[in-house]
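Secondary and tertiary structure notes
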Amino acid sequence: MIIDISDILSCENKEETKQVQIELASFVSKLGGFPIISAAPIELHIANRENKRLLIQGDVDLRVSIPCSRCLEEVPTDIHFSIDKDIKLEDSVVHDEDVEDNDYLIGFNLDIDRLIYGEILVNWPMKVLCRDDCKGICKVCGMNLNKGECNCQRTELDPRMAAIQDVFNKFKEV
């Protein structure tokens, strides 16, 4: 969703609060694509401070479907973050000190979805588990160990001892 903020930038000390709906259907990054299950509307506060600073503030609540880090089952994950942008204005031109290339503010248009995308990227959880005691998947057959046991050999041998293991396997009594 794109919001025209020319009226806010044209009047000194003007403030507006807008109810904005997130139109992102999924979050796509180098990690893959993750569907956004639900997104609460954002109450976005935009303010022009003495024609020197542009403030953008709001709270975002999303529910994203992310695979478990161990077993790869889909886990609905709540992501909450606050937007708090303080952007410098120079001669009615926007200049963000924190980011050299801000793609969410082009001219007098504020692209809410690009702003949200950047904030999701920063606030993405490091690890998501379906449950605390998740057993993961078998390294040999790929079975989800939360659903049952497989018959694969679990002992991991030191690769430096492989030659000795071969000797023992040759002379093992059958």
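For the structure itself, consult the block above.
Just so it is clear, the structure is predicted and the values come from calculations on it, not from any experiment. (Residues numbered from 1 in each chain as written. Predicted model: local features only at pLDDT ≥ 70, side-chain atom pairs only at ≥ 80, totals over all residues. Heavy atoms only, no water.)

**Brief notes about the overall build of the chain**
For the chain, the helix and strand inventory stands at three helices and 10 strands. When the helices and strands of the chain are listed from N to C terminus, the series reads β-α-β-β-β-β-β-β-β-β-β-α-α. C-alpha extents for the chain along the principal axes are approximately 90 × 30 × 20 Å. Expressed as a percentage of its 174 residues, the buried residues of the chain come to 33%. A separation threshold of at least 6 residues defines the contact pool for the chain, and within that pool the share at least 24 residues apart is 57%. For the chain, the accessible area works out to roughly 11,600 Å², and carbon and sulfur atoms hold 51% of it. Across the chain, the centroid of the 20 positively charged side chains sits 11 Å from that of the 33 negatively charged ones. (Helix = DSSP H or I, 4+ residues; strand = E, 2+ residues; numbered from the N terminus. Buried < 20%, exposed > 50% of the residue type's maximum accessible area, 1.4 Å probe, protein only. Contact = heavy atoms within 4.5 Å. Areas by Shrake-Rupley, 256 points an atom, 1.4 Å probe, with all protein chains shown as cover. Lys, Arg positive; Asp, Glu negative; His and termini not counted. Charge placed at Lys NZ, Arg CZ, Asp CG, Glu CD.)

**Description of the environment of Val75**
Relative to the helices and strands, Val75 is located in strand S7 (residues 74-90). When the C-alpha positions of Val75 and Arg63 are compared, they lie 9.8 Å apart, and in sequence the two are 12 residues distant. Setting aside anything within four residues of it in sequence, one finds Val75 in contact with Val64, Ser65, Ile66, Cys68, Val128, Leu129 and Cys130.

**Re the sheet that holds strand S9 (residues 105-106)**
The strands that make up a sheet are held in pairs by hydrogen bonds between backbone atoms, and each pair lies either parallel or antiparallel. On the basis of which strands lie adjacent, the open sheet formed by three strands has the order S1-S10-S9 and antiparallel pairing. Of all the strands in the sheet, the pair left with one neighbour each is strand S1 (2-4) and S9. Relative to strand S10 (residues 109-111), S1 runs antiparallel, the two sharing three bridges. When the bridges of S10 are listed, Ile2 appears paired with Asp111. (Pairing = 2+ DSSP bridges.)

**What to know about the packing of aromatic side chains**
Taken as a whole, this structure holds three aromatic pairs when the rule is applied. Judged by centre distance (4.9 Å) and plane angle (35°), the rings of Phe27 and Tyr117 are tilted. Of this pair, Phe27 sits in strand S3 (residues 26-29) while Tyr117 sits in helix H2 (residues 112-123); the two residues are 90 residues apart in sequence, bridging distant segments of the chain. Overall, the relative accessible area of 28% leaves Tyr117 in the partly exposed class. A centroid spacing of 4.9 Å and a plane angle of 25° characterise the contact between Phe27 and Trp124, whose relative ring orientation is stacked. You can see Phe27 sitting in strand S3 and its partner Trp124 sitting in the loop between H2 and helix H3 (162-170), a full 97 residues away along the chain. Take Trp124: its relative accessible area is 15%, and that puts it in the buried class. (Phe/Tyr/Trp six-rings, centres within 6.5 Å; stacked < 30°, edge-to-face > 60°.)

**With respect to a nonpolar patch on the surface**
Taken together, the side chains of Met161, Ile164 and Phe168 make up a nonpolar region of the molecular surface, amounting to roughly 320 Å² of accessible area. Positionally, Met161 belongs in the loop between H2 and H3. You can call Met161 partly exposed: its relative accessible area is 44%. (Patch = residues over 30% accessible without salt bridge, like charges linked within 9 Å, V, L, I, M, F, W, Y side chains within 5 Å. Salt bridge = Lys/Arg side-chain N within 4 Å of Asp/Glu carboxyl O.)

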